[in-house]
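Take a look at the letters that make up each chain.
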Amino acid sequence: MIHARRFSLVVLSILLLTQTFVAQRSAQPRTQNTRAANTRAAINVPAPTEVLGFTPGDDRKLASWAQTIDYFRRLDAASDRVKFEELGRTTMNKPFVMATISAPENLARLDEYKNIQRQLADPRTLGRNDQERDRRAEELITHGKTIVLITCGIHSTEVGSHHSSFLIAHRLASSNEPEVQRILRDTIVLLVPSLNPDGVDIVKDWYDRTLGTPYEGTTPPVLYHKYTGHDNNRDWYAFTQKETQITVDKIHNVWHPQIVHDIHQQGATGARLFLPPYMPPVEPNVPEGIIEGYTELGRAMASALRAKGFKGITTDSTYDAWTPARAYSHYHGGVRILSETASCKLATPITVRFEDLRAGEGYDARQASANFSEVWRGGEWHLRDITNYMTTAAFELMSHAATNRERWLRRFYGIGKEAVRERRSGELFAFTIPPSNNVHALIGILERAGVEVDEASQFTVNGIKYPERTAIVRMAQPYGDFAKALLERQRYPDLRDASGHPQTPYDVTAHTLSLLMNVKAEAVFTPFSYSKPRDGIGMGSNGGCGDASPPRRAIYKSHVPSMDEGWTRWVLENKGRCLFYSLLEDKEARAGNLRARYDTIIIPDHSPRAILNGYARGTMPDEYTGGLDAEGVQALREFIEAGGTLVCLNRASDFAIEALRLPVRDVTEGLKRTEFYVPGSILRIELDTTHPIAKGMPRESIAWAEDSPVFEVSDQSQASRVHVIARYPTNADPLLSGWLLGGERLKGKAALVEVTMGKGRVVLFGFRPQYRGQSSATYPLLFNAIN
């Protein structure tokens, strides 16, 4: 056997020398030889242009979802580096798909690599003590691959990432470049061409319809996700939408990726590209290893792109890492590398003058600084520029993942090891969750995220006796920090700029799901024992549909899309026992006679200007311009006076107060942010439980406040028309979770009022009772108001 092996090695050496000699005899430069090899490798792999009829990134060309599916299926058939599969169906019943791309020998052993990931993610599976676990982990790290998840197109008007997915996949499937070969050998790439397939066609259909008109490049006059619009990227801890559920169930929880590259676009007049690290604050439950990982990788990517001549790149700015709503992976061992590339007008190029560039949070697009260089001087900006930035960044990320394979796997194991260690005395040991109405739904969310939840018999901790079937979430488990982030109360830092003004959070400041769902969760710092492991508390049920006859209920739908309108529809359909509704658009509202068709009209959260005026004439096709206008306001007034109920949510209440001349005022109107500011927080309210709208509610509840009005009577002669249903406490801090400035201005003021008008009434919510499909604590207030 020894001699045979030596003979084989000699033959192999001769063959390699022959190949080298032939290559050296070639008159072409080495780069041309590489291109020739790539061309031979790509003969049977279709280029995107062969299927689409254009190259992704071309001006004024967008691919449909059917074309996307067709291309990736052909790629699967032609390349042994690609496995393409349908993972489920979207909200509008389109295929939700993923391409797994790696070396053929890796694709043949996917189950083995999944198992390696599963064990590294939960070091308890590797042995009884750290020594055993470390030894076994090193064996797995030697054989494992870096798992890279690339997600595109969650925001469908950000068309660059969806189209970059074609280019990324084609190069990986066809190229024999050393860089690509190293990526294929040492990583497994999970490529999702779009996290929102429905929106791909919504945007393309609108773009094609307006192409060549004055409205080319405008955004559609509808949400690009049926229910959530832009908020589909705020669903990564509540898991309300089908697309989120598929991604979590079929990708994250199966593969446990070390790196998630989430490709986005931003405004046209700022930086050309954002990469991590993120600006403060970072959510306190994000592990140090995650912060280290995204800082290292983001800076490496930015440095590599700058070295290749890409300009206008910023890091440490604009975007924070505060909420799990955008970063599931940060609580599951994987870094989230958000990239944000400057936009054009969908696929229509624009020209940006240097003087039109604007400063962003933490940088100035016209001035080089430590976290922003080299300055982009302005000029034309095409979809091709966007895809160039995106694809180059993606390949730098994958190259780093391949080159540092063991480092990524070792960091991943270290995060899991820290998560599962037994807690010391004085550290948070567990959360206890006593039985309550919404506990099943909360536990279902935690379990979907891989959190282990036990159920205990009666037990006592620190003299407190807990009831039968109390749920227990121990911190010593792989995803205990995810549970902790959702069960504890947030204290967002009081961040101010140099002039003392509060710095605007990128999104919201609170995510205490237990408060939003009215579930009591108590932190316990004393270790305790319990018995009887829980067995399937489960998600529970909505209990069937509630409307026995055709409803006389409508939701107002502006042509200026409102995410809150979408969430209102979703909540009524999914959480209100199928409370049916019609949609009321401006044209129908302006025509009047609304009382003949409806008993209740809901106006979701929207700016008063958008409700009243809509799009200005000349900015959109005529049928989508205008709002309710004076005719619509008069029609609403007649509807209410004839016995109808108008329910206004959050900022829509300010519209109603002014348009209908109601005898209440918003006490926060005109205040500076230094005087009052509530950028997405959970506040405390007290309810008049004798009022029908508060029927079945506890005396104390919560309000999701976000740019929200606060009410008081403005005309004492009309005070008898105003019924306060909820108010902020007089003798307690209104803030439960998040950030609130000027909270003393709320004390004793109204958060929910009913104002009578003729035979009807107007119900004004000074908060969002159906916030992002999460605030089930206040769903009953909405359902009672509209029934």
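Novice: Please clarify how the overall build of the chain should be interpreted in this entry.
Specialist: Counting its secondary structure elements, the chain contains 23 helices and 33 strands. For the chain, whose C-alpha radius of gyration is 28 Å, the value lies close to the compact-globule estimate of 28 Å for 787 residues. Taking the principal axes of its C-alpha atoms as reference, the chain extends roughly 105 × 70 × 55 Å. Out of the 787 residues belonging to the chain, those deemed buried represent 58%. For the chain, the proportion of contacts with a sequence separation of at least 24, taken over those separated by at least 6, is 79%. For the chain, the accessible surface area stands at approximately 31,600 Å², while carbon and sulfur atoms represent 49% of it. Both charge centroids of the chain, one from 94 positive and one from 92 negative side chains, sit 3 Å from each other.

Novice: Honestly, the packing of helix H6 (residues 110–121) against helix H7 (residues 130–143) in this entry has me stumped. Any pointers?
Specialist: Between two packed helices, both the angle of their axes relative to each other and the distance between the axes serve to describe the pair. Orientation of H6 relative to H7, taken along the N-to-C sense of each, is 145°, at an axis distance of 10 Å. Seen from above, H6 lies across H7 with left-handed handedness. Residues Tyr-113, Ile-116, Gln-119 and Leu-120 of H6 form the contact with H7, whose participating residues are Arg-136, Ala-137, Leu-140, Ile-141 and His-143. Residues belonging to the contact of H6 with H7 are distributed by class as follows: six nonpolar, two polar and one charged.

Novice: Looking at this model, I keep getting lost on the pairing of strand E25 (residues 645–649). Mind explaining?
Specialist: Regular strands place their side chains on alternate faces of the sheet. E25 sits mainly inside the fold: five of its five residues count as buried. Covered by surrounding structure in E25 are Thr-645, Val-647 and Leu-649 together with Leu-646 and Cys-648, the residues of both alternating faces. In the sheet, strand E24 (residues 600–603) pairs with E25 via four bridges, with the strands oriented parallel. When the bridges of E25 are listed, Thr-600 appears paired with Thr-645. Sheet topology note: the E25/strand E33 (residues 760–765) ladder contains five bridges and is parallel. In the sheet register, Val-647 faces E33, and the bridge partner there is Val-763.

Novice: So what exactly am I meant to see when it comes to helix H13 (residues 383–403) here?
Specialist: Working note: α-helix, 3.6 residues per turn, so residues spaced by three or four point in the same direction. Spanning 21 residues, H13 covers 30 Å between terminal C-alpha atoms, matching the ideal 30 Å at 1.5 Å per step. In terms of burial, H13 is largely enclosed, as 17 of its 21 residues are buried.

Novice: Where do I start with the side chain of Ser-399 in this structure?
Specialist: Topologically, Ser-399 is positioned in helix H13. What makes Ser-399 buried here is its relative accessible area of 8%. Once residues within four sequence positions are removed from consideration, Ser-399 is found in contact with Glu-179, Arg-182 and Ile-183.

Novice: Any chance you could explain the pattern of salt bridges here in plain terms?
Specialist: A side chain of one charge can pair with a side chain of the opposite charge when the charged atoms of the two come close. Going through the model one piece at a time under the given rule, you end up with 55 salt bridges. In this structure, Arg-384 engages Asp-58 in a salt bridge whose closest nitrogen and oxygen atoms are separated by 2.7 Å. Highlighted residues: Arg-384 in helix H13 and Asp-58 in the loop between helix H3 (48–52) and helix H4 (65–78), separated in sequence by 326 residues. Two residues, Lys-204 and Asp-208, come together in a salt bridge whose shortest N-O distance is 2.7 Å. Taken together, the positions of Lys-204 and Asp-208, both in helix H10 (residues 197–210) and four residues apart, correspond to about one turn of that helix. Take Lys-204: its relative accessible area is 14%, and that puts it in the buried class.

Novice: Please clarify how the layout of surface pockets should be interpreted in this entry.
Specialist: Regions of empty space are outlined by a rolling probe, equal in size to a water molecule, passed over the atoms. Of the voids in this model, the second largest pocket is the one considered here, and its volume is about 530 Å³. Looking at the lining of the second largest pocket, its residues break down into seven nonpolar, four polar and eleven charged.

Novice: Would you take a moment to explain the packing of aromatic side chains for this structure?
Specialist: Aromatic ring pairs are described here by two measures, namely the spacing of the ring centres and the angle between the planes. The tally for this structure, following the rule as stated, stands at 28 aromatic pairs. Taking the centre distance of 5.9 Å and the plane angle of 45° together, the rings of Phe-72 and Phe-166 count as tilted. Taken together, the residues span a long stretch of sequence, with Phe-72 in helix H4 and Phe-166 in helix H8 (residues 159–174) at a distance of 94 residues. We classify Phe-72 as buried; its relative accessible area is 0%. Seen in terms of ring centroids, Phe-459 and Tyr-466 are 4.9 Å apart; in terms of plane orientation they differ by 10°. Their pairing is stacked. Across the pair, exposure class does not vary: Phe-459 and Tyr-466 are buried alike. Over the aromatic face of Trp-381 sits the side chain of Arg-272, whose NZ or CZ is 4.6 Å from the ring centroid.

Novice: What exactly am I supposed to notice about the environment of Tyr-278 here?
Specialist: Position of Tyr-278 relative to the elements: it lies in the loop between strand E6 (273–274) and strand E7 (279–282). What makes Tyr-278 buried here is its relative accessible area of 6%. A C-alpha to C-alpha distance of 4.9 Å links Tyr-278 and Asp-320, two positions 42 residues apart in sequence. The contacts of Tyr-278, once residues within four sequence positions are left out, are Tyr-294, Asp-316, Tyr-319, Asp-320, Ala-321, His-330, Arg-336, Ile-337 and Leu-338. Here Arg-336 takes part through its backbone oxygen, which lies 2.5 Å from a polar atom of the side chain of Tyr-278. Here the side chain of Tyr-278 touches Leu-338 through a polar contact of 3.2 Å, landing on its backbone nitrogen.

Novice: I tried to follow the nonpolar core on my own but got confused; where do I start?
Specialist: One broad trend across soluble globular proteins is that nonpolar side chains are buried collectively. Among the nonpolar cores identified, the biggest contains 150 residues, and Met-398 and Phe-482 are the most heavily contacted of them. Per-element accounting of this core gives the leading share, eleven residues, to H13. Listed in part, the 40 residues of the second largest apolar core include Val-571, Leu-683, Phe-783 and Ile-786.

Novice: Where do I start with the sheet that holds strand E16 (residues 430–433) in this structure?
Specialist: Two pairing modes exist for strands in a sheet, parallel and antiparallel, and in both the strands are linked by backbone hydrogen bonds. Pairing within the open sheet is antiparallel, and its four strands lie in the order E17-E20-E16-E21. Every interior strand has two partners, whereas the edge strands, strand E17 (454–456) and strand E21 (522–524), have only one. The mean inter-strand angle of the sheet, taken between neighbouring strand axes irrespective of direction, is 35°. Here E16 runs beside strand E20 (residues 470–474); their pairing, made up of four bridges, is antiparallel. The residue bridging Ile-433 from the neighbouring strand is Ala-471, located in E20.

Novice: Is there a simple way to explain the packing of helix H9 (residues 178–186) against H13 in this structure?
Specialist: Remark: H9 packs on H13, axes separated minimally by 9 Å, with the N-to-C direction vectors making an angle of 55°. Taken together, the axis directions place H9 and H13 in an arrangement best described as oblique. Seen along the crossing, H9 lies across H13 with a hand that is left-handed. Contacts between H9 and H13 involve Glu-179, Val-180, Arg-182, Ile-183 and Asp-186 on the former and, on the latter, Phe-395, Met-398, Ser-399, Ala-402 and Thr-403. Residue composition of the contact of H9 with H13, grouped by class: five nonpolar, two polar and three charged.

Novice: When you look at the sheet that holds strand E2 (residues 95–101) in this model, what are you seeing that I'm missing?
Specialist: The strand order E1-E2-E4-E3-E5-E10-E6-E8-E14 describes an open sheet built from nine strands, whose pairing is mixed. Where the open sheet ends on each side, the last strands, each with one partner, are strand E1 (82–89) and strand E14 (372–373).

Novice: So what exactly am I meant to see when it comes to the confidence of the model for the chain here?
Specialist: In low-pLDDT segments, the atomic positions of the prediction should not be examined closely. Put simply, the chain has an average pLDDT of 93, and 92% of its residues get 70 or more. Residue range residues 1–41 is modelled with pLDDT below 50. Its contacts to residues more than four positions away, or to other chains, number eleven contacts. Below pLDDT 50 for its whole length, residues 538–544 participates in 14 contacts with residues either more than four positions away or in separate chains.

Novice: Looking at this structure, how should I read unusual backbone geometry?
Specialist: Across residues other than glycine, the phi torsion is negative in most instances, and most of the peptide bonds are trans. Cis geometry marks the peptide bond from Pro-280 to Pro-281, where omega comes out at 0°. Locating Pro-281 in the fold gives a position in strand E7. A cis geometry characterises the amide bond from Ser-373 onward to Glu-374, with omega recorded as -20°. Positive phi values are uncommon outside glycine, yet Arg-469 reaches one of about 70°. Here Arg-469 is to be found in the loop between strand E19 (464–466) and E20. Phi angles above zero are rare outside glycine, and Asp-707 is one such case at about 50°. Within the secondary structure, Asp-707 is located in the loop between strand E28 (700–706) and strand E29 (711–713).

Reading guide: rules and limits
- Residues numbered from 1 in each chain as written.
- Predicted model: local features only at pLDDT ≥ 70, side-chain atom pairs only at ≥ 80, totals over all residues.
- Heavy atoms only, no water.
- Helix = DSSP H or I, 4+ residues; strand = E, 2+ residues; numbered from the N terminus.
- Rg over C-alpha atoms; globule rule 2.2 N^0.38 Å.
- Buried < 20%, exposed > 50% of the residue type's maximum accessible area, 1.4 Å probe, protein only.
- Contact = heavy atoms within 4.5 Å.
- Areas by Shrake-Rupley, 256 points an atom, 1.4 Å probe, with all protein chains shown as cover.
- Lys, Arg positive; Asp, Glu negative; His and termini not counted.
- Charge placed at Lys NZ, Arg CZ, Asp CG, Glu CD.
- Axes fitted to C-alpha atoms, helices over the stretch in contact; angles between N-to-C directions.
- Left-handed = near helix turned anticlockwise from the far one by under 90°.
- Nonpolar A, V, L, I, M, F, W, Y, C, P; charged D, E, K, R; others polar.
- Pairing = 2+ DSSP bridges.
- Expected span 1.5 Å × (residues − 1).
- Salt bridge = Lys/Arg side-chain N within 4 Å of Asp/Glu carboxyl O.
- 1 Å grid on protein atoms, 1.4 Å probe; cavity = no way out; pocket = protein on both sides within 12 Å on 5 of 7 lines; lining within 4 Å.
- Points joined across faces, edges and corners; volume = space filled by probe spheres on them.
- Phe/Tyr/Trp six-rings, centres within 6.5 Å; stacked < 30°, edge-to-face > 60°.
- Lys NZ or Arg CZ within 6 Å of the ring centre and 35° of its normal.
- Polar contact = N/O pair within 3.5 Å; in protein donor to acceptor, adjacent residues only side chain to side chain.
- Core = buried A, V, L, I, M, F, W, Y, C linked by side-chain atoms within 4.5 Å.
- Parallel < 35°, antiparallel > 145°, perpendicular 65-115°, else oblique.
- pLDDT = per-residue confidence, 0-100.

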